[in-house]
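# Architecture and fold: a report
Here is how the chains run, residue by residue.
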Amino acid sequence: MDPPVIRLAHCQVQVFCLQVPGACPSCGEDLRERRLQEAPVSLPSPFSNAHKTSCCLLVAPAHNNTTSEFDGTSDLHTGISNTEGVVYNYTRAGVVRELSGWERCVSVPLVRPDMFHLLNQWDQYLQNHSEGPSWDPTWHRFDEQHHNCLSFCLSFVNRVLAAEGREALSRETFTQIFILPRVQRVQKYLFLYKHLQTHQYYLVDREEDREEDTQEGI
Ligand SMILES: [Zn+2]
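Only a predicted model underlies this, so the values are computations on that prediction, with no experimental measurement involved.

## Some points on the overall build of the protein chain
Secondary structure assignment for the protein chain yields four helices and nine strands. Ordering the α and β elements of the protein chain from the N terminus gives β-β-β-β-β-β-β-β-α-α-α-β-α. When each of the 218 residues of the protein chain is scored for burial, the buried share is 20%. Of the contacts made within the protein chain by residues no fewer than 6 positions apart, 63% connect residues no fewer than 24 positions apart.

## Things to note about the nonpolar core
One recurring pattern in soluble globular proteins: nonpolar side chains tend to sit buried together. Membership of the largest hydrophobic core comes to 29 residues, with the highest contact counts inside it found for Leu57, Leu58, Ile80, Cys105, Phe152 and Cys153. At the level of secondary structure, the elements contributing two or more residues to this core comprise strand 4 (56-61), strand 6 (87-91), helix 1 (116-130), helix 2 (149-163) and helix 3 (171-199). A total of seven residues in this core trace back to one element, the largest contributor, which is helix 2.

## Concerning helix 2
Given 3.6 residues per turn, any residue in an α-helix points the same way as the ones three and four places further on. Over its 15 residues, helix 2 runs 22 Å from end to end, which matches the ideal 21 Å to within 8%, given 1.5 Å per residue. Residues of helix 2 that are buried: Cys149, Leu150, Phe152, Cys153, Leu154, Phe156 and Val160. Packing partners of the buried residues in helix 2 comprise strand 4, strand 5 (76-81), strand 6, strand 7 (94-98), helix 1 and helix 3. The positive-phi residue at the C-terminal boundary of helix 2 is Gly165, with phi of around 75°.

## What to know about the sheet that holds strand 6
Sheet strands pair via backbone hydrogen bonds, and the direction of the pair is either parallel or antiparallel. Taken together, the five strands give an open sheet; going across it, the order is 7-6-5-4-8, and neighbouring strands pair in antiparallel fashion. Whereas interior strands pair on both sides, the edge strands pair on one side only; in this sheet they are strand 7 and strand 8 (106-109). Ignoring which end each strand starts from, the neighbouring axes of this sheet average 30° apart. Taken together, the four bridges between strand 4 and strand 8 define a ladder with antiparallel strand orientation. The partner of Leu57 across the bridge, within strand 8, is Val108. Together, strand 4, strand 5, strand 6 and strand 7 form the strand contacts of helix 2, whose direction differs from that of strand 5 by roughly 30°.

Scoring rules and cut-offs
Residues numbered from 1 in each chain as written. Predicted model: local features only at pLDDT ≥ 70, side-chain atom pairs only at ≥ 80, totals over all residues. Helix = DSSP H or I, 4+ residues; strand = E, 2+ residues; numbered from the N terminus. Buried ≥ 20, exposed ≤ 12 C-beta atoms within 10 Å, placed from the backbone. Contact = placed C-beta atoms within 7 Å. Core = buried A, V, L, I, M, F, W, Y, C linked by C-beta atoms within 7 Å. Expected span 1.5 Å × (residues − 1). Pairing = 2+ DSSP bridges. Axes fitted to C-alpha atoms, helices over the stretch in contact; angles between N-to-C directions.

In structure tokens form, the structure reads like this:
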């Protein structure tokens, strides 16, 4: 497990780091002697283990999920988990059900925990959907652009929405709402992480709370 990113505030800056430094990298003040205005916090990792999720849309880098990254260049692969963390995903070989390989991905919950009627039927819906002729390689061919893993997830979500009497989502809306914001968050997090591994700190100016900080010394 990677150590978490820590955020702390001192003088005019917010400091992002992997280890709390002995001295403030901005003003040089010893941090061991002076109490920080607020306790350092660990940023939550944007990654989840899909096999510990239930009823989520999952996004991971395509091919070899453990080593490729969300770096904006590799293709992404999507799937949907059942209530037991089994990931259903559509590939050239048809729908596969995976119990491993999705340990580091982005998860988007699709069902509120109080929607019991939907939770009860989810696994059956997902199983039925995955057995449809659209995903059977003998009937339909996988197409990188138009009939791919995302098509499988979107049509499943739309099937659930229809069962709930709700309107279907377009591919654009689905991507904009469910996928892009989370993937962008992961990219930012990874960018920060890589920076911290080589540069130790990342400093951001704190515009607010200036007055409190100037209580002493001036
Ligand atoms: Zn400082």
